[in-house]
Each structure stands twice: as C-alpha cells, then as structure tokens.
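# Residue-level structural notes
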Amino acid sequence: MDWKTLEGFDEKFAKVSYKTHKTFDGKVVEVLYGAKDDQGNAVLPKEGVNDGHGRWFGIEVNGEYRMFSLQKAGSTEVEYGTSHQATALEDMENDLRKKQELCRQAENVVSVEEFEEIRKQYDAIEDWKTPKDAEYAVWFGKTLEKFKERSAHQEQNAQEKKKLVEKAASIADSSSWKETQQAFRDLQDEWDMLGNAGVEDDELWKQFKGYRNQFNDKRRNYFDNLTQVHTENEAKKLELINQVKETAKQTDNFRATSEKMNALMDAWKAVGSAGREKDDELWNAFNDARQGFYDQRNAFFTERDEKQKESIRIKKELIEEAKTISSKKEYGQENTNRMKQLDKEWRAAGYSGNSKNDALWDEFNSAKEVFWNAKREESQARLKQTYEFKKSQLPVIREEINSLQEMEYETSDFEKIRSIQRQVEDKKAFIEKLKSDIEDIEKKLNA
C-alpha cells in the first residue's frame with residue numbers, strides 16, 4: 001500500500017523516515033502525515049504531540065512497500081496489514097533468523113530423519129518475500145545437495161565396513177594365532193582408513209569389535225593353559241620393560257638414570273624364560289628401550305652444543321636486523337610486520353646456553369623497543385591530528401544544518417522542502433558519526 005494515496009496526505013507536511021535492516025535486507029519505513037494546528041492548517045507532524053497526525057508503518061524491499069500498520073490522520077484506530085498485527089516486524093525478523101539457524105543446522109545433520117525434521121521446521125516458517133527469504137531458500141537447497149552427497153559417501157563406507165565385518169566373522173574361530181592376529185590388525189587398518197558410515201557406524205563397529213574380541217578371548221584361553229612359570233616370568237619381564245621405558249624418560253639427570261638402567265639390567269638377567277615365542281620379543285622391547293636411552297644421552301649433548309651455536313648465530317643476525325630497522329625510523333606495514341616476524345624467528349631459534357641467552361635477549365629487546373616506542377609516538381601524533389580535525393568539523397556541520405533549516409521555512413516548494421529535510425537528516429547522522437569517532441579516538445588517546 002502506497003501511503004501517498006492516503007486521505008489527508010500532503011508530502012510537503014509529512015515526515016518520512018527510512019532505517020536499513022540487514023536482517024531482511026530492506027528498510028523499515030515510518031510516515032507521519034496529516035497534522036494540523038489549532039486553526040486547522042496543515043503543519044509538519046511532531047512525534048508525541050497530539051496534532052491529529054496519522055502514522056503509516058511498514059517496510060520497503062527492492063522499491064516495493066508493504067504496510068504493517070496504519071493509523072489514519074485524526075483517528076485512534078489502527079489497521080494492520082498482516083495477521084501478525086503489531087509484532088509483524090519482530091516476527092518477520094525472528095522468522096528470518098530461524099531460517100538462518102536451520103540452514104546452519106542442516107549442514108551438519110547425519111541422518112535422513114534429522115534432515116527431514118529440519119526441513120519440516122523450515123517449510124513451516126512464513127515466506128515474507130524478502131531477499132533474505134530467497135537467499136536462505138537457496139542456501140537450504142544447497143545443504144540438501146550436500147546432505148545427499150554425504151549420505152551417498154556414508155552408504156559406500158557402510159558397504160565397505162560390512163565386508164570387513166564379514167571377513168572378521170570368517171576368521172574369528174581360527175587357531176592360527178600369529179597369522180590371524182596379523183589379519184585382524186590389517187582389517188583394523190582398513191577400517192580406520194574408511195570414513196563415517198552414518199547411522200549404521202556404531203552398530204557395525206560393535207559387530208567388528210565383537211568378532212575381534214571373540215578371537216582374542218579364544219587365543220587368551222589357549223595361552224592361559226601354558227606353564228605358570230612362563231606366565232609369571234612374562235609378567236616380570238613386562239614389568240621390567242615398563243620400568244625401563246619410564247626410566248628412559250628421566251633425562252634431566254643422565255648419570256642417575258644410567259645407574260638405574262644398570263640395576264634393571266641385573267634384574268632382567270635374574271628372571272628365567274617366558275617361553276620361546278616370547279623371549280626374543282620381550283628382550284628386543286627391553287633392550288630397545290634401554291639402548292634408546294643411551295643413544296638419546298649421547299645425542300643430547302652433541303645436539304645441544306650444535307643447537308646453541310646455531311641459536312647464537314641466528315640471534316646475533318636478528319639483533320643486527322632489529323637495529324637496522326629501528327635506525328631507519330620508517331614505521332610502515334612492511335617494517336612493522338618484519339619486526340613482529342623477528343620475534344617469531346627469535347623464539348624459533350631456541351635456547352642459547354646459560355652464558356649467552358639472557359645477554360642476547362637484552363640486546364635484542366632494547367633494539368626492538370627503540371622501534372616500537374617511536375612507532376607508538378608517531379601513531380599517537382596521527383591520532384591526535386585526526387581528533388582535532390573531526391572536532392573542528394562539528395561546528396561547521398551544525399552551521400550548515402542551521403542554514404538549511406532557515407531555507408526550509410523560507411520556501412513553499414514542497415519538493416525543495418523534502419530535499420532540505422533529507423539533507424538535514426544526513427548531516428545530523430554525520431554529526432553523530434563524528435561524535436562517535438571522536439569518543440573512540442579519545443579512548444585510544446587516554447588508554
């Protein structure tokens with residue numbers, strides 16, 4: 001409905017305001033019209049004043065207007081343009097937010113049931129015929145396409161996992177312990193390489209794990225019947241392996257750890273056989289962990305010396321570069337980024353040893369501070385200059401507004417009046433923007 005056709009509407013004596021709303025990608029429009037003074041003459045309406053003015057309220061989308069409510073001039077009754085009555089704008093924006101959220105949810109669903117539930121919710125929401133309604137409709141349609149692709153991939157994974165379950169079932173009763181154990185490991189590797197199988201994933205995994213456990217239980221029962229001595233010796237050696245692994249982690253004092261390693265070796269020699277199939281495997285695990293410690297001990301000191309030398313060399317170069325950049329007194333983006341990168345490279349260079357590390361850092365930090373202190377001073381100066389300029393604009397714009405308002409009362413050309421009113425509103429908005437900018441700058445200057 002076009003408010004210009006309303007009875008009593010006179011564009012010269014009407015106030016029309018537009019407010020952009022990103023939620024529906026349009027503008028909210030309010031029109032005040034039909035005000036009269038005590039003598040019955042048409043005047044500009046004033047909000048909150050009982051001057052008989054009417055109010056048209058609605059939205060504008062792509063040049064088309066839609067009425068939400070209308071209070072005609074001289075009347076207290078309100079007509080509504082939608083079934084939502086006084087909450088039309090709020091309901092419309094809430095509906096659009098719901099559509100946006102449902103689009104996001106639809107991108108992450110894993111089952112047809114979940115997607116259908118979201119689709120029902122989406123379809124139940126009113127179409128307000130806004131650009132955002134169209135945008136979300138396209139978005140939701142794309143989520144459906146993605147869901148179909150994802151479902152197809154999950155179905156393919158489910159079929160592959162069903163084959164692995166069948167293979168696991170076929171070997172679960174095997175008595176070839178070593179070969180079957182390796183076969184289960186291979187099947188597990190294949191399983192791990194496959195992606196999610198959708199709603200069937202948990203059940204398929206339960207079946208696969210059940211057959212694997214079935215084999216392991218059978219294998220365990222078999223070996224439980226071997227001699228008690230082998231079992232006890234295996235347990236002792238496994239415990240020594242755990243101890244040597246934990247001891248190998250104690251690299252803060254290599255001398256003390258070496259003494260512990262010798263004691264563990266004596267304990268190993270005192271333990272008897274754990275069975276022919278186990279002894280070599282257990283010894284390799286024990287000796288590998290033990291030898292790994294000695295290799296680590298030797299490598300540690302060699303690597304530490306080399307790393308510290310390299311760290312010192314790199315840090316000296318970074319110090320010289322920091323001094324060079326600071327001496328240029330150029331604080332643009334390139335030098336600023338490079339100074340930040342120097343910090344990262346410094347950290348990456350690592351520790352430089354007790355005798356050098358702190359001294360190098362002090363020299364590097366001093367060189368950086370020269371740059372950053374000067375950059376802050378320059379930035380504050382520019383900020384203060386901007387602050388003074390914006391403050392100087394306030395009285396200028398206010399004077400322009402006063403001049404325009406005088407021009408408004410000097411003319412009866414309603415087109416010119418409307419143009420002046422729009423200019424005044426724009427300048428008032430500009431003043432508010434200036435005030436906000438000034439306030440932000442003051443905070444930065446006082447920080």
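Placed above this text is the structure.
Quantities reported herein were computed from a predicted structural model and do not represent experimental measurements.

## So, the overall build of the chain
- What the chain contains, in helices and strands, is 11 helices and 5 strands.
- Relative to its length of 447 residues, the chain is extended, with a C-alpha radius of gyration of 40 Å against a globular reference of 22 Å.
- Projected onto its principal axes, the C-alpha positions of the chain cover 120 × 70 × 30 Å.
- Considering only contacts within the chain whose residues lie at least 6 apart along the sequence, 63% involve residues at least 24 apart.
- Accessible surface computed for the chain: about 28,600 Å², of which carbon and sulfur atoms make up 47%.

## Details of the pattern of salt bridges
- This structure, assessed with the given rule, holds 27 salt bridges.
- With its nearest N and O atoms 3.9 Å apart, the salt bridge here joins D305 to R304.
- Note that R313 and E310 form a salt bridge whose closest N and O atoms lie 2.5 Å from each other. Taken together, the residues R313 and E310, both in helix α8 (residues 276–328) and 3 residues apart, mark about one turn of the helix.
- What makes R313 partly exposed here is its relative accessible area of 39%.
- Bridged by salt links that share partners, the residues E310, R313 and E317 form one connected network.

## What about the sheet that holds strand β3 (residues 54–61)?
- Strand order across the open sheet formed by 5 strands is β1-β2-β3-β4-β5, with antiparallel pairing between neighbours. Taken across any chain shown, the strands that pair with only one partner, and hence form the sheet edges, are β1 (15–21) and β5 (79–80).
- As defined by bridge partners, β1 adjoins strand β2 (residues 26–33) across 7 bridges and the pair is classed as antiparallel. The residue of β2 that forms the bridge with K15 is L32.

## What about the packing of aromatic side chains?
- Counted by the stated rule, this structure contains 20 aromatic pairs.
- Summarising the aromatic geometry, the rings of Y136 and W139 are spaced 6.2 Å apart at their centres and angled 50° between planes, so their arrangement reads as tilted. Of this pair, Y136 and W139 both sit in helix α3 (residues 131–171), 3 residues apart, roughly one helical turn.
- Overall, Y136 belongs to the buried group, its relative accessible area being 5%.
- Here W139 falls in the partly exposed class, since its relative accessible area comes to 23%.

## Some points on unusual backbone geometry
- Even without being a glycine, N62 presents a positive backbone phi close to 55°.
- Residue placement: N62 occurs in the loop between β3 and β4 (64–71).
- Using a relative accessible area of 67% as the deciding quantity, one classes N62 as exposed.
- The phi dihedral of K129 is positive, around 60°, even though this residue is not glycine.
- In this structure, K129 sits in the loop between α2 (112–123) and α3.
- Judged by relative accessible area, K129 falls into the exposed class, the value being 60%.

Rules behind the numbers
- Residues numbered from 1 in each chain as written.
- Predicted model: local features only at pLDDT ≥ 70, side-chain atom pairs only at ≥ 80, totals over all residues.
- Heavy atoms only, no water.
- Helix = DSSP H or I, 4+ residues; strand = E, 2+ residues; numbered from the N terminus.
- Rg over C-alpha atoms; globule rule 2.2 N^0.38 Å.
- Contact = heavy atoms within 4.5 Å.
- Areas by Shrake-Rupley, 256 points an atom, 1.4 Å probe, with all protein chains shown as cover.
- Salt bridge = Lys/Arg side-chain N within 4 Å of Asp/Glu carboxyl O.
- Buried < 20%, exposed > 50% of the residue type's maximum accessible area, 1.4 Å probe, protein only.
- Pairing = 2+ DSSP bridges.
- Phe/Tyr/Trp six-rings, centres within 6.5 Å; stacked < 30°, edge-to-face > 60°.

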